[in-house]
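# Fold and contact review
The primary structure of each chain is shown beneath.
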Amino acid sequence: MFSFKRADADRPRRSPSELVGLDLGASGVKAVRMRRNKDGVTVLKADILPPLAPEEVDPKAARPPLPRGLLTNYAALAVSGARASVRILGIPGRFETGPARDLQVQEHAGAGEGQRLGYAVITPPKLRNETRLLVVTLPEAEAEALLNLFSVGAPAPFSLEVSGLAAITAFLRGPGRAHEQGTVGVVESGERQTTMAVLHKNLPVLVRKFDLGMHTVRERVQQRLGVDPETAKGILADGSFDISQTLHEVVDPFLRQLSLSKEFIERREECQVEKLYVSGGMSLSRFWISDMKQASGLDVERWNPFDGLHASPDALPAALAGQETRFTAAIGACVGAWE
């Protein structure tokens, strides 16, 4: 839904029936191979692979190796995008599709030659004299580096988007179906980035991106307690240490923005935010769920992106049971590419 324009000039005119969604995150590559036919969507295989380091990849053999069960001809790519920008843009009047609109969006977004631009029209029906867009930009050099990883062999890149927005796409095709006339919050939190959105009648009315993730939390625990990364990881998972003060130093700025954003949208849209849905690796932490519930005053639910999808037997390795929420962006990248 929120892909950048033309990830690959040689991609097929129609979306392929089979894709592998690759969420290229700092904690690992979340990979989901999916097939679409008249009966719906089927998950064929899912796994988490070691993270990629584009600067360390040999350009002559750039394609990252994928296990046989995940290999297919085309990939829908998602990237956390620390240097990506995401915002909602309002342009007076209405305009038609085509190159002229692309240029107009680029001008209003202030995207220069060194930026790759993607956008989606999200104008609500009641808005008559304005076109509202969700606009995302990514440095062209970063986009090219990612696409060059897949310049040889299969899978070839079919689409490219920011992971936080891919997670919103997955949500709209999952729990979002139950809130088509309501207002909910969606938070995707990974290793280094967090994306927060408020959806009113399944259209984004607020989207923000934060440099916050499990990496930030572990670093603060390391500094405060003087421990190594593995020990900090164990302390966070164990839950027997009282590190609430240390954690609040890191997450409180985000929690304040979450509370303020909820109140702002409720006043502007004359609505009530009903619930908060969370996904991504950080949502597996108990303190994160508890703190968001306290800050927002909402029921907070960690959701499974595989719910409602057909899955082949043993599609998900047993070792990853309970970690399904980490695959949200990879699934959303495939769904977005098919749209």
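Everything numeric in this text was worked out from a predicted model, so none of it was measured. (Residues numbered from 1 in each chain as written. Predicted model: local features only at pLDDT ≥ 70, side-chain atom pairs only at ≥ 80, totals over all residues. Heavy atoms only, no water.)

Now for the sheet that holds strand S11 (residues 203-210). If you trace the five strands from one edge of the open sheet to the other, you get S11-S10-S9-S12-S13, paired in mixed fashion. Of all strands in the sheet, those with a lone pairing partner are S11 and strand S13 (300-302), marking the two edges. Taking the axes of each pair of neighbouring strands and ignoring which way they run, one obtains an average angle of 20 degrees across the sheet. Two elements, strand S12 (residues 275-279) and S13, share three bridges in a ladder whose sense is parallel. Among the inter-strand pairings, Leu276 is bridged to a residue of S13, identified as Val300. (Pairing = 2+ DSSP bridges. Helix = DSSP H or I, 4+ residues; strand = E, 2+ residues; numbered from the N terminus. Axes fitted to C-alpha atoms, helices over the stretch in contact; angles between N-to-C directions.)

Remark: helix H3 (residues 163-172) packs on helix H8 (residues 328-338), axes separated minimally by 7 Å, with the N-to-C direction vectors making an angle of 70 degrees. Taken together, the axis directions place H3 and H8 in an arrangement best described as roughly perpendicular. Between H3, through Ser163, Ala166, Ala167, Thr169 and Ala170, and H8, the contact on the second element is made entirely by Thr328, Ala329, Gly332, Ala333, Val335 and Gly336. Residues belonging to the contact of H3 with H8 are distributed by class as follows: six nonpolar, five polar and no charged. (Parallel < 35°, antiparallel > 145°, perpendicular 65-115°, else oblique. Contact = heavy atoms within 4.5 Å. Nonpolar A, V, L, I, M, F, W, Y, C, P; charged D, E, K, R; others polar.)

Once that is clear, we can look at the pairing of strand S7 (residues 130-139). Most of S7 is tucked away: nine of the 10 residues are buried. Where strand S5 (residues 85-92) meets S7, eight bridges bridge the pair, whose relative direction is antiparallel. Counted as the bridge partner of Ile88 is Leu134 from S7. Looking at chain direction, strand S6 (residues 115-121) and S7 are connected through seven bridges and run antiparallel. Residue pairing in the sheet places Gln115 in a bridge with Pro139 of S7. (Buried < 20%, exposed > 50% of the residue type's maximum accessible area, 1.4 Å probe, protein only.)

Next up on the list: the sheet that holds S7. A sheet is described by the order of its strands in space; here three strands give the open sequence S5-S7-S6, paired in antiparallel fashion. The open sheet terminates on both sides in strands that have one partner only, identified here as S5 and S6. On average, adjacent strands in this sheet sit at an angle of 30 degrees to one another, irrespective of strand direction.

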